[in-house]
Amino acid sequence: MLYGFDIGGTKIAFSVFDQQLVCVFSEQQPTPHEYTDFMVLINDWVKQADLRFSCRGTVGIGFPGAVNPCDRRLHCANVPAIEGRHLADDLTITLGRDVSLENDANCFLLSECHGGSGDGFATVLGITLGTGVGAAIFVNGAIHRGYNAFAGEIGHCPIPATMLLKYPKLPQFSCGCGRKMCLETYISGTGLANLYKHYAGMPLKSPDILDKYRAGDKTAINVVDIYLDLFAAGLGCVILVLDPDVIILGGGLSNFEALVPALTARLPEHLLKGMRLPTLRSATFGAAGGVRGAALLNYP
Ligand SMILES: [Zn+2]
């Protein structure tokens, strides 16, 4: 059996897959605040699954951060319980088996490239649009991690200056990374809400903004228009670097039905003449992609 964990800031998802990648067990728990509680939770889940399925399952874990290639500690600011910890080493001792760790956006894309929207393509860019922006790169059958294991951190690229020419009064949002005007602060679900609050003068969650947009509300249409312009401009820069065959959009905002056609219409002006547009697609596995990708870390 293949065990997959998807660790988030508020909850942890655990699933068990058989060798045909069919999910046979799934459960969620709140993310513990303390490292010892975290270790107990993972250990209990694994040991109970071993008993339930009479096996010794493989363990793959996706988390919102990166493993430092030099000292193997985790960078994982959104999950304080495991920040700075030697998680793989500690779990290997506790569980008595090898443990695979991977960035959660990479797990999302790994899943999409095995039987999902990215299957069979040479170069795939995956983007998750939720509270933040996650992204991952898949090239010739493998995840591309980069020198620092930070490849795909497109959310922290600043928005292109051409957007300031088009929108001179664009707000300068502060990012959690300590800088201003990162793409994530405009194009994530939180980013859309940031833009709406700035232009409409009142707070509204992104699903409610999209409902207003669908209902023909002028302010919502204006804000979504700016959102799409910023997204296309930022994505254009990424396409010029990577030239992917396909781009897969996941996360809550990827359910916005106008996203793919609107980006497809806006992208050519940000690319070079003669370039073919990559295919934009929604994710196949939805919210379950992360935990499936984590299990796939040990798929033969
Ligand atoms: Zn940033």
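Residues numbered from 1 in each chain as written. Predicted model: local features only at pLDDT ≥ 70, side-chain atom pairs only at ≥ 80, totals over all residues.

## Quick notes on the overall build of the chain
Turning to step 1, where the next piece is worked out: What the chain contains, in helices and strands, is 10 helices and 12 strands.
Turning to step 2, where the next piece is worked out: Along the first, second and third principal axes, the C-alpha atoms of the chain reach 60 × 40 × 40 Å.
Turning to step 3, where the next piece is worked out: Counting every position in the chain, which comprises 300 residues, the buried fraction comes to 41%.
Turning to step 4, where the next piece is worked out: A sequence separation of at least 24 residues applies to 62% of the contacts in the chain between residues at least 6 apart. (Helix = DSSP H or I, 4+ residues; strand = E, 2+ residues; numbered from the N terminus. Buried ≥ 20, exposed ≤ 12 C-beta atoms within 10 Å, placed from the backbone. Contact = placed C-beta atoms within 7 Å.)

## A word on the domain arrangement of the chain
Turning to step 1, where the next piece is worked out: Once the domains are mapped, the chain shows domain 1 (2-108 + 288-296) and domain 2 (120-283).
Turning to step 2, where the next piece is worked out: Taken together, the 8 residues of domain 1 in the interface contact 12 residues of domain 2.
Turning to step 3, where the next piece is worked out: Contributions of two or more residues to the side of domain 1 that touches domain 2 are made by strand E5 (66-67) and helix H3 (104-112).
Turning to step 4, where the next piece is worked out: At 4 residues, H3 tops the list of elements feeding residues into the side of domain 1 that touches domain 2.
Turning to step 5, where the next piece is worked out: Residue composition of the side of domain 1 that touches domain 2, by class: 5 nonpolar, 2 polar and 1 charged. (Domains from an automatic or database assignment. Nonpolar A, V, L, I, M, F, W, Y, C, P; charged D, E, K, R; others polar.)

## Considering the environment of Ile226
Turning to step 1, where the next piece is worked out: Locating Ile226 in the fold gives a position in helix H8 (residues 218-242).
Turning to step 2, where the next piece is worked out: Between the C-alpha atom of Ile226 and that of Thr284, which follows or precedes it by 58 residues, the distance is 27 Å.
Turning to step 3, where the next piece is worked out: Apart from residues no more than four positions distant in its own chain, Ile226 is found in contact with Tyr167 and Leu195.

## Quick look at the pairing of strand E8 (residues 123-129)
Turning to step 1, where the next piece is worked out: Among the 7 residues in E8, 6 count as buried, and that is most of the element.
Turning to step 2, where the next piece is worked out: As paired strands, E8 and strand E9 (residues 133-139) are joined by 7 bridges and run antiparallel to one another. Across the sheet, the residue bridging to Ile127 is Ala135, located in E9.
Turning to step 3, where the next piece is worked out: Once E8 ends, the chain turns through 3 residues before running back antiparallel as E9.
Turning to step 4, where the next piece is worked out: With 5 bridges connecting them, E8 and strand E11 (residues 246-250) associate as parallel partners. (Pairing = 2+ DSSP bridges.)

## Some thoughts on the pairing of E11
Turning to step 1, where the next piece is worked out: Buried residues dominate E11, accounting for 5 of its 5 residues.
Turning to step 2, where the next piece is worked out: Residues of E11 alternate between two faces, with Val246, Ile248 and Gly250 on one and Ile247 and Leu249 on the opposite face, all of them buried.
Turning to step 3, where the next piece is worked out: For the handedness criterion, the β-α-β arrangement of E11, helix H9 (residues 259-266) and strand E12 (residues 279-282) is classed as right-handed. (Right-handed = clockwise from strand over helix to strand, strands pointing away.)

## So, helix H7 (residues 206-214)
Since the α-helix advances by 3.6 residues per turn, residues separated by three or four positions end up pointing in the same direction.
Turning to step 1, where the next piece is worked out: Here H7 has its buried residues at Ser206, Ile209, Leu210 and Tyr213. Along H7, the residues classed as buried sweep out an arc of 95° about the axis, all on the same side.
Turning to step 2, where the next piece is worked out: In this structure, the buried residues of H7 make contact with helix H6 (189-200) and H8.
Turning to step 3, where the next piece is worked out: In the stretch just after H7, Gly216 is the one whose phi turns positive, near 90°. (Arc of directions from axis to C-beta.)

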